[in-house]
Amino acid sequence: MFVSHEPLDRETPGNHLGGARSGGNHPGGSRPTGDATILHADLDSFYASVEQRDDPTLAGRPVIVGGGVVLAASYEAKAFGVRTAMSGGQARSLCPQAIVVPPRMSAYSQASKDVFDVFHDTSPLVEGISIDEAFLEVGGLAKIVGNPLQIGANLRRDVAEQVGLPITVGIARTKFLAKVASAFAKPDGLLRVPPEGETEFLHPLPVEKLWGVGKITAQKLRNFDIVTVGDIARHDESSIVSILGGGAGRHLYALSHNRDPRPVRAYRGRSSMGAQHALGRGSHSRAELDASLMSLVDRVSRRMRSAQRTGRTVTLRLRFADFTRATRSHTLRRSTADTAELLNASMVLLDEAIPMIADKGITLIGVAVSNLDRDGAEQLELPFDGPGFAGPDTAALDSAMDSVRKKFGSAALTRGVLLGRDPDLSVPLLPD
């Protein structure tokens, strides 16, 4: 048996994986060494599972989170073809009996925190990927806790008992293969790919299972009768590069041989902070774009101050009606979390992009701040604009607004231009 699969409360799928036993040298590089000690833990249909946990009447029933756009769907709803990011109308036509519930972001944030507490109780090396998934390195815990398969089973049990949510765990020697294993084991499963069974597990899988392979890349490969991961591995690297280009070709060829040298690293905070807003199709006035950008900058700067971060580079992100994208960036003279400064820089970038927006139409606008200073350092400036000139104390205004929102909620204060607008959902994120 090459693959161990031990889902809790459901039957193992058996030894049905085809392919040759792993052996010999990996072309283009050495195989990973050691035992399978990397866990990829991924909560199942996270938002929907939280709703089913908190309302027992929803257990076992098709649940859709979000009305206009599907934010999450339970596996009972997915069985009818409902998928994340699908329009609410399409989802309800596929599954008329589905129960649609509004999102509760605060509940999801708390559930994520509780699950990550379990992760950190399981291993000192936890690398958060998103609010509902993480990598854990457990190679040094054998004498204390047990082998990786036992640790994975304990982790699933602890999340179920302490948080009340189902979680799937994949175990392998590389982060890439551990993530593939967890996807294969869903929902509510545990799958370990032992070193001697890597090729047998990986090579029969469709090329779409490789990181970075979407519809376009998959079609390019299929045009050359490359359908499975094994098909990529059986070609020369130069052949794959000639089809996909240098970077993508070498990347996918390495993954087809399970070459992924990245270790599990403890989460050190994000390298940028941002937010975005989907505008929908149709025309959008400059006033509407300004208001959306103000709301986004307000949210991002508030998060930066809360996390004691300052940043220098402001990036405007745009998606157009023809699905193309564009970014515009500006680096400030000094690192800041000042709402007014970040907003001014963002507005200048928006001014520059207006001709392109008028030509192509716009469906999404976003803003991000990078070059973050983790200590919240901010360069002070002398009043160069004349004797005694200090300018408006925007830092004091930001601080006062932050205090009010912290005490009375984020909707307690807002800009006048945003009155009457529906507040954007603030999606839960990993801690800053």
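Computed from a prediction, not measured in an experiment: that's the story for all the values here.

Caption draft 1: Focus on the packing of helix H10 (residues 237-244) against helix H11 (residues 246-256). The N-to-C vectors of H10 and H11 enclose an angle of 135°; their axes lie 7 Å apart at closest approach. Accordingly, the angle class assigned to the pair H10 and H11 is oblique. You can see that H10 and H11 cross each other, and the crossing is right-handed. Residues Glu237, Ile240, Val241 and Leu244 of H10 form the contact with H11, whose participating residues are Gly246, Ala248, Gly249, Arg250, Leu252 and Tyr253. Across the contact of H10 with H11, the residue classes tally to six nonpolar, two polar and two charged.

Caption draft 2: Representation of the sheet that holds strand E3 (residues 63-65). Strand order across the open sheet formed by three strands is E4-E3-E5, with mixed pairing between neighbours. For this open sheet the edge positions go to strand E4 (72-73) and strand E5 (99-101), each flanked by a neighbour on one side alone. Taken together, the three bridges between E3 and E5 define a ladder with parallel strand orientation. Residue Val63 lies in a different strand from E5, and its bridge partner there is Ile99. Strands in contact with helix H1 (residues 46-54) are E3, E4 and E5; relative to E3, the strand with the most contacts, it is inclined by about 120°.

Caption draft 3: Layout of the sheet that holds strand E13 (residues 362-370). In space, the four strands of this open sheet follow the order E10-E13-E11-E12, with antiparallel pairing throughout. This sheet does not close on itself; its edge strands, each paired only once, are strand E10 (273-278) and strand E12 (325-336). On average, each strand axis in the sheet is inclined to that of its neighbour by 15°, with strand direction left out of account. Bridging between E10 and E13 involves six bridges; their strand directions are antiparallel.

Caption draft 4: Structural view of unusual backbone geometry. Look at the link from Lys186 to Pro187: it is a cis peptide, with omega at -5°. Checked against the element boundaries, Pro187 lands in the loop between helix H6 (175-185) and strand E9 (190-192). Positive phi values are uncommon outside glycine, yet Ala85 reaches one of about 80°. Note that Ala85 resides in the loop between helix H2 (75-78) and helix H3 (88-94). Classification of Ala85 by relative accessible area gives exposed; the value is 58%. Backbone geometry at Asp225 places phi at a positive 60°, although glycine is not the residue there. Inspection of the secondary structure assignment puts Asp225 in the loop between helix H8 (215-222) and helix H9 (229-234). For Asp225, a relative accessible area of 64% gives the class exposed.

Each value, and the rule that gives it
Residues numbered from 1 in each chain as written. Predicted model: local features only at pLDDT ≥ 70, side-chain atom pairs only at ≥ 80, totals over all residues. Heavy atoms only, no water. Axes fitted to C-alpha atoms, helices over the stretch in contact; angles between N-to-C directions. Helix = DSSP H or I, 4+ residues; strand = E, 2+ residues; numbered from the N terminus. Parallel < 35°, antiparallel > 145°, perpendicular 65-115°, else oblique. Left-handed = near helix turned anticlockwise from the far one by under 90°. Contact = heavy atoms within 4.5 Å. Nonpolar A, V, L, I, M, F, W, Y, C, P; charged D, E, K, R; others polar. Pairing = 2+ DSSP bridges. Buried < 20%, exposed > 50% of the residue type's maximum accessible area, 1.4 Å probe, protein only.

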